[in-house]
Amino acid sequence: MPTAMTHRTTLVTGMSATGKSTVLRALAGLGCDAVDTDEPGPDGAWIETVDGEPLWRLDRIRALLDQPRSQPLVVQGTVANQGALYDRFDAIVLLSAPADVILERLRTRTTNDFGKHADERAQVLRDLAEVEPLLRAGATHEIDATQPLDVVVAAVLTIAVGSDRA
């Protein structure tokens, strides 16, 4: 649990196109330490691919979580081994949205090409059915990502600063 020298750590997770990266950028703009594990960090990638599966480099994520900081840390990511570090987070926030919303966001987004092909959209639908329930089971909070961005950001920020403890 947090002490006077540390601040809360929050994981924001969810399926593709639920707005994780967008929320993370907004939180960074509000003063949170924000780390998108889909993007390279200062020492290289947070993720390695093992047998075709993207996985967190647990040593790097642990080192990140161990760093002292002056504001809350929000980490964004969805990988198969994230549960190995759930005990290191004060909160695990699942962003969720219905399949039709996710598919429309994938179709129209310009920041990422994932989801533009039929096989990728089929994988997203499988992940919604098979992976999202696992994420939900490990989450301390779930936020409906169909709400306006400012509402979603405010809800995550409230959790990240500790006003809404699990």
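Scope of this entry: the structure provided in the associated data block.

**Things to note about the sheet that holds strand β1 (residues 9-14)**
And step 1. With parallel pairing, the 5 strands of this open sheet are ordered in space as β2-β5-β1-β6-β7. The strands lining the two open edges of the sheet, one partner per strand, are β2 (33-36) and β7 (141-144). Put simply, the sheet's adjacent strands are angled 20° from each other on average, direction ignored.
And step 2. The strands touched by helix α2 (residues 58-66) are β1, β2 and β5 (73-76); relative to β5, the strand with the most contacts, the crossing angle is about 160°.

**Observations concerning the nonpolar core**
And step 1. In this structure, Leu11, Trp56, Val75, Phe89 and Ile102 are the most contacted members of the largest nonpolar core, which totals 23 residues.
And step 2. Of all elements in the fold, only α2, β5, β6 (91-96), α3 (99-108) and α4 (118-130) reach the threshold of two or more residues within this core.
And step 3. Among the elements that take part in this core, α2 stands out by supplying 3 residues, more than any other.
And step 4. For leucine 11, the contacting residues outside a window of four places in its chain are Trp56, Val75, Gln76, Gly77, Gln82, Tyr86, Phe89, Ala91, Ile92 and Val93.
And step 5. Grouped together as the second largest cluster of nonpolar side chains are 16 residues, Leu24, Cys32, Leu95 and Val152 included.

**Points about the packing of aromatic side chains**
And step 1. The final tally for this structure, using the stated rule, is 1 aromatic pair.
And step 2. Consider the rings of tryptophan 56 and phenylalanine 89, whose centres lie 6.4 Å apart with planes at 35°: the pair is tilted. Of this pair, tryptophan 56 sits in strand β4 (residues 53-56) while phenylalanine 89 sits in the loop between β5 and β6, placing them 33 residues apart in sequence. Exposure class is identical for tryptophan 56 and phenylalanine 89. Each is buried.

**Notes on the packing of α3 against α4**
And step 1. For the pair α3 and α4, the least separation of the axes is 11 Å and the interaxial angle reads 150°. Here α3 is positioned roughly antiparallel relative to α4, judged by the angle of their axes. Where α3 crosses over α4, the two elements pack in a sense that is right-handed. Each of Ala99, Ile102, Leu103 and Leu106 in α3 lies in contact with α4, whose residues at this interface are Arg121, Val124, Leu125 and Leu128.
And step 2. In terms of residue class, the contact of α3 with α4 is made up of 7 nonpolar, no polar and 1 charged.

**What to know about the pairing of β1**
And step 1. Among the 6 residues that make up β1, 6 are buried, leaving the element largely enclosed by the rest of the structure.
And step 2. Both faces of β1 are covered, namely the face carrying Thr9, Leu11 and Thr13 and the face carrying Thr10, Val12 and Gly14.
And step 3. Across 4 bridges, β1 lies against β5 in parallel orientation. Bridge pairing in β5 links valine 12 to glutamine 76.

Calculation rules
- Residues numbered from 1 in each chain as written.
- Predicted model: local features only at pLDDT ≥ 70, side-chain atom pairs only at ≥ 80, totals over all residues.
- Heavy atoms only, no water.
- Pairing = 2+ DSSP bridges.
- Helix = DSSP H or I, 4+ residues; strand = E, 2+ residues; numbered from the N terminus.
- Axes fitted to C-alpha atoms, helices over the stretch in contact; angles between N-to-C directions.
- Contact = heavy atoms within 4.5 Å.
- Core = buried A, V, L, I, M, F, W, Y, C linked by side-chain atoms within 4.5 Å.
- Buried < 20%, exposed > 50% of the residue type's maximum accessible area, 1.4 Å probe, protein only.
- Phe/Tyr/Trp six-rings, centres within 6.5 Å; stacked < 30°, edge-to-face > 60°.
- Parallel < 35°, antiparallel > 145°, perpendicular 65-115°, else oblique.
- Left-handed = near helix turned anticlockwise from the far one by under 90°.
- Nonpolar A, V, L, I, M, F, W, Y, C, P; charged D, E, K, R; others polar.

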